[in-house]
Amino acid sequence: MRKLKMKWPGATWRPYTLVIAATACAAAWSASAQDAIEPEAAKILAVMSDHLKSMPSLSVTYDADQEIVDLEGQKIQYSASGTIALDRTKGFLLTRQGPFADAEVVFDGSTISLHSKGMNVYAQLQSPGPSVEEAADELRAATGLDAPGADLLASDPYTVLTDGVTKGTHVGSAFIGGVECDHLAFRTDIVDWQIWVSKGNKPLPLKYVITTKWVTGAPEYSLRLSDWKAGAIGGAQFKFTPPANARKLEQIHADVTGDISLEVGE
């Protein structure tokens, strides 16, 4: 067997941080966590979350940087770009272009399909339920892979993001891509994370950084989001049909660098 590497951002920090699952409900956010977050930071994050929740379908472009510390202690940064199209009732389409692959992940309400365009191979998983969150949870459990910024697209981003928070502050104002933002910083026992939220009556996350504190070198995962669009998305985007001569693979997993490894028989 040889392994096809499909690099996807976000896979390495996710096991240490916030989980998208049905159990991420409002009751999980304790009164002590509320007290740990400054009122201004809590308000900005809550308004952003409400705005995201009000978008039943959306699309966004992302650029991601993921740092890996090698065995010699050198920090290496992997960069990638892609798009996200989401309809909360129909499914999602994620694309990713980077040095390892030109790939996509498609969810149609029942089946999760991973496709490497360059090698024309694909693999599929069955989701335990029709929701986007159930599909994301199954993808993570089965492969160790996560969609970029998946917690921002949860049905209740505020609850997911603040789970386990021990401190939250409003750092001040900043500019991302020429857009003025509120810069927020949060701490948990395992990771620190920051988010930059555009100012105005339709606040959106434009930058998101997670730092793994207790890993040598404190590697970071950084996500920049742009070209946010709300509105109906054609359901055809969420239907995956294997290309002609595409080969179906059976084994999928993510290694410590965040690569997706698909076993390819000789």
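Here the structure is shown first, and the text comes after it.
Within each chain, residue numbers correspond to sequence positions counted from 1 in written order. Only residues with pLDDT of 70 or above have their local features reported here, since the model is predicted, and side-chain atom pairs are shown and tallied only from 80 upward, although totals for entire chains, interfaces and linings are computed over all residues. With hydrogens and water set aside, each side-chain value is computed from the structure's full complement of heavy atoms.

A word on the overall build of the chain
- The helix count covers DSSP runs of H or I at least four residues long, the strand count covers runs of E at least two residues long, and both are numbered beginning at the N terminus. On a plain count of helices and strands, the chain comes out with 4 helices and 15 strands.
- When burial is assessed residue by residue, the chain has 52% of its 266 residues classed as buried.
- Two residues form a contact once any of their heavy atoms are found within 4.5 Å. Looking at the chain alone, contacts between residues at least 24 apart form 58% of all its contacts between residues at least 6 apart.
- Of the roughly 12000 Å² of accessible surface on the chain, 52% is carried by carbon and sulfur atoms. Relative accessibility thresholds used throughout: buried, under 20% of the residue-type maximum; exposed, over 50%; partly exposed, between the two (1.4 Å probe, protein chains only). All accessible-area figures derive from a Shrake-Rupley calculation using a 1.4 Å probe, and residue coverage is judged against the displayed protein chains alone.

Describing the sheet that holds strand 2 (residues 57–69)
- Strand order in the open sheet formed by 12 strands is 8-9-10-11-12-2-3-4-5-6-7-13, and the pairing between neighbours is mixed. The open sheet terminates on both sides in strands that have one partner only, identified here as strand 8 (167–176) and strand 13 (247–248).
- Relative to strand 3 (residues 75–87), strand 2 runs antiparallel, the two sharing 13 bridges. Bridge pairing in strand 3 links Ser 57 to Asp 87. Strands are labelled as partners when DSSP assigns at least two bridges between them.

Structural notes on the pairing of strand 11 (residues 205–212)
- Of all the 8 residues making up strand 11, 8 are buried; the element is thus mostly covered by neighbouring parts of the structure.
- Remark: 6 residues form the turn of the hairpin made by strand 10 (residues 191–198) and strand 11, two consecutive strands paired antiparallel; Gly 200 in that turn has positive phi of roughly 120 degrees.
- Both strand 11 and strand 12 (residues 220–230) contribute to a ladder of 5 bridges, which runs antiparallel. Each residue of the ladder has a partner; that of Thr 211, found in strand 12, is Glu 220.

Focus on the environment of Gly 235
- Here Gly 235 is to be found in the loop between strand 12 and strand 13.
- Looking at Gly 235, the relative accessible area reads 27%, which means it is partly exposed.
- Spatially, the C-alpha atoms of Gly 235 and Leu 86 are 9.9 Å apart, while their sequence positions differ by 149 residues.

Side note on the nonpolar core
- If you look at the biggest cluster of nonpolar residues, it comprises 49 residues, and the most contacted ones within it are Leu 45, Phe 186, Trp 193, Ile 195 and Trp 228.
- Ranked by the residues each element gives to this core, the list is headed by helix 2 (residues 39–53), at 6 residues.
- Those residues in contact with Trp 193, other than ones at most four positions away along the chain, are Leu 45, Leu 161, Val 165, Leu 184, Ala 185, Phe 186, Thr 188, Tyr 208, Val 209 and Ile 210. The term nonpolar core refers to a set of buried residues drawn from Ala, Val, Leu, Ile, Met, Phe, Trp, Tyr and Cys, joined through side-chain atoms within 4.5 Å.

A look at the environment of Ser 49
- Locating Ser 49 in the fold gives a position in helix 2.
- Setting aside its immediate chain neighbours within four residues, Ser 49 contacts Asp 156, Pro 157 and Tyr 158.

Structural notes on unusual backbone geometry
- With a phi angle near 45 degrees, Ala 218 is a residue other than glycine that sits in the positive phi range.
- The residue Ala 218 is located in the loop between strand 11 and strand 12 in this model.
- Given the relative accessible area of 29%, Ala 218 is considered partly exposed.
- Phi at Asn 245 takes a positive value of approximately 70 degrees, unusual for a residue other than glycine.

Examining the packing of aromatic side chains
- Centre distance within 6.5 Å is the pairing criterion for rings of Phe, Tyr and Trp, where only the six-membered ring of Trp is used; planes under 30 degrees apart are then read as stacked, over 60 as edge-to-face, and the remainder as tilted. The tally for this structure, following the rule as stated, stands at 4 aromatic pairs.
- On the numbers, 5.5 Å between centres and 40 degrees between planes, the contact of Phe 92 with Phe 107 is tilted. With Phe 92 in strand 4 (residues 91–97) and Phe 107 in strand 5 (residues 102–107), the pair connects residues that are 15 residues apart, well separated along the chain. Across the pair, Phe 107 and Phe 92 agree in class, each one buried.
- An aromatic cluster of at least three residues, connected via ring pairs, comprises Phe 186, Trp 193 and Tyr 208.

Overview of the pattern of salt bridges
- For this document, the term salt bridge refers to a Lys or Arg side-chain nitrogen within 4 Å of an Asp or Glu carboxyl oxygen. For the structure on display, the rule yields 8 salt bridges.
- Close ionic contact of Asp 50 with Lys 53 constitutes a salt bridge, the shortest N to O distance being 3.6 Å. Pair noted here: Asp 50 and Lys 53 are both in helix 2, with a separation of 3 residues, about one helical turn.
- One network of salt bridges, in which partners are shared, links Glu 180, Asp 182 and Lys 199.

Thoughts on helix 3 (residues 132–143)
- With 12 residues, helix 3 ought to run about 16 Å at 1.5 Å a step, and its terminal C-alpha atoms sit 16 Å apart, in line with that.
- Within helix 3 the residues assigned to the buried category are Val 132, Glu 133, Ala 135, Ala 136, Leu 139, Arg 140 and Thr 143. Projection of helix 3 onto a plane perpendicular to its axis shows the buried side chains occupying an angular sector of 165 degrees, all on one side.
- Residue Gly 144 follows helix 3 closely and has a positive phi angle near 80 degrees. The span expected for a helix works out to 1.5 Å for each residue beyond the first. Think of it as the arc spanned by the lines of direction from the helix axis to the C-beta atoms.

Notes on helix 2
- With 15 residues, helix 2 extends 21 Å between its outermost C-alpha atoms, agreeing within 8% with the 21 Å of an ideal straight helix rising 1.5 Å per residue.
- Every buried residue of helix 2 is listed here: Ala 41, Ala 42, Ile 44, Leu 45, Met 48, Ser 49, His 51 and Leu 52.

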